[in-house]
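Close look at the chain arrangement
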Amino acid sequence: MRFKLKGLTVAAMTLTLGLSAAACGDDSGSGSGGEKDKNITIGMVSGWAEGEAATALWKKLLTDKGYTVEVKNLDTGPLYAGMSKGDVDLFVDSWLPGTHEDYWKQYGDKLEKISAWYDSAPLTIAVPNYSPLQTLDDLKGKGGQYGGKIVGIEKSSGLYRVSQEEMLPAYGLKDEYKVTTSSTAAMLTELKKAIDAKKDIVVTLWRPHWAYTKFPIRDLKDPKGAMGKPDGIYTVARKDFSKDQPDVTSWLKKFRMDDKQLGSLEDLMENKYKGKPDEAVNEWLQSNPAFAKSMTG
């Protein structure tokens, strides 16, 4: 999902990669680049469904090619900082040019932008289908009805920044509402609880997300465009990654997912194999047998 934070202070991070290249198995699974280092560290932000799905998918694809893949769960700021220091190799959930703009300004000269794998990903404000609200303008004067809050996610997210600092002022809502912060998981729990009780709630969300298929929700229209234009979802990497890992880079440049592919994988991960991403990926690849070959074949 997406995220920028100004004045970020990041603690020093040391991520130690484990096995040596010699312990990674048969090199016959690699491409023509002949990389000596077969260890890859992928950074991931927990709760960002599209990033969790894409990360689990690439862990499987790279493991099948003989790589040792380590997934590091990090907040957005430390993840970008870790890549800038070379402690994290890849991040497959970078929202550019808008949502992660601040992080890119801070660290972009030490990173590589590999390619966008999802073309149009908007930030949204969502309500249950039974809500009388239709547009963000409709929130005016109704703060008491919604407890003066729009339920948000992590404060380090660009979604929080855009919602709190841009959307609220644009619609004259800054004195009436506050975008709360917690975690993506906590936001989704509040959303489900409110819907089950048929209560009013407004949440920050984004597309693509499995919540749109699981819950009866819709986006509030944004006539002023305060939530910004849709971003692309990019794979980004530490500096010199493409030089060190030409095969992996060439595969990642071919990576694309459409709504049906991504939605079906997210559904398996969230609803059938919760907490077991590897099993979700295995079933998804069995149902999409040509996908792996199109990426790494």
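Further remarks concern unusual backbone geometry. Each neighbour pair has its own omega, and for Leu96 with Pro97 the value is 10°, a cis peptide bond. Mapping Pro97 onto the fold places it in the loop between β3 (90-96) and α3 (101-107). That bond from Arg207 to Pro208 is cis: its omega, 5°, falls within 30 degrees of zero. Mapping Pro208 onto the fold places it in the loop between β8 (203-206) and α6 (211-214).

This part covers the environment of Asp87. Here Asp87 shows up in the loop between α2 (76-85) and β3. Classification of Asp87 as buried rests on a relative accessible area of 18%. Along the chain, Asp87 and Arg238 lie 151 residues apart, while their C-alpha atoms are 8.2 Å from each other.

With that out of the way, let us pick up the pairing of strand β2 (residues 68-73). Bridge count between strand β1 (residues 39-44) and β2: six bridges; the pairing is parallel. Bridging from a neighbouring strand, Met44 pairs with Asn73 of β2. With respect to chirality, the unit in which β1 leads through helix α1 (residues 49-64) into the neighbouring parallel β2 is right-handed.

Bringing the confidence of the model for the protein into the picture now. Taken as a whole, the protein shows an average pLDDT of 88; of its residues, 88% reach a score of 70 or greater. Confidence over residues 2-33 falls short of pLDDT 50; this stretch has 82 contacts with residues more than four positions distant or in other chains.

Formed by 90 residues in total, the largest nonpolar core has its most connected members in Leu57 and Met167. Of all the elements, α1 adds the most residues to this core, at eight residues. Ignoring any residue separated from it by four or fewer positions in sequence, one finds Met167 in contact with Ile125, Leu136, Ile150, Val162, Leu173, Ala226 and Met227.

Criteria and thresholds
Residues numbered from 1 in each chain as written. Predicted model: local features only at pLDDT ≥ 70, side-chain atom pairs only at ≥ 80, totals over all residues. Heavy atoms only, no water. Helix = DSSP H or I, 4+ residues; strand = E, 2+ residues; numbered from the N terminus. Buried < 20%, exposed > 50% of the residue type's maximum accessible area, 1.4 Å probe, protein only. Pairing = 2+ DSSP bridges. Right-handed = clockwise from strand over helix to strand, strands pointing away. pLDDT = per-residue confidence, 0-100. Contact = heavy atoms within 4.5 Å. Core = buried A, V, L, I, M, F, W, Y, C linked by side-chain atoms within 4.5 Å.

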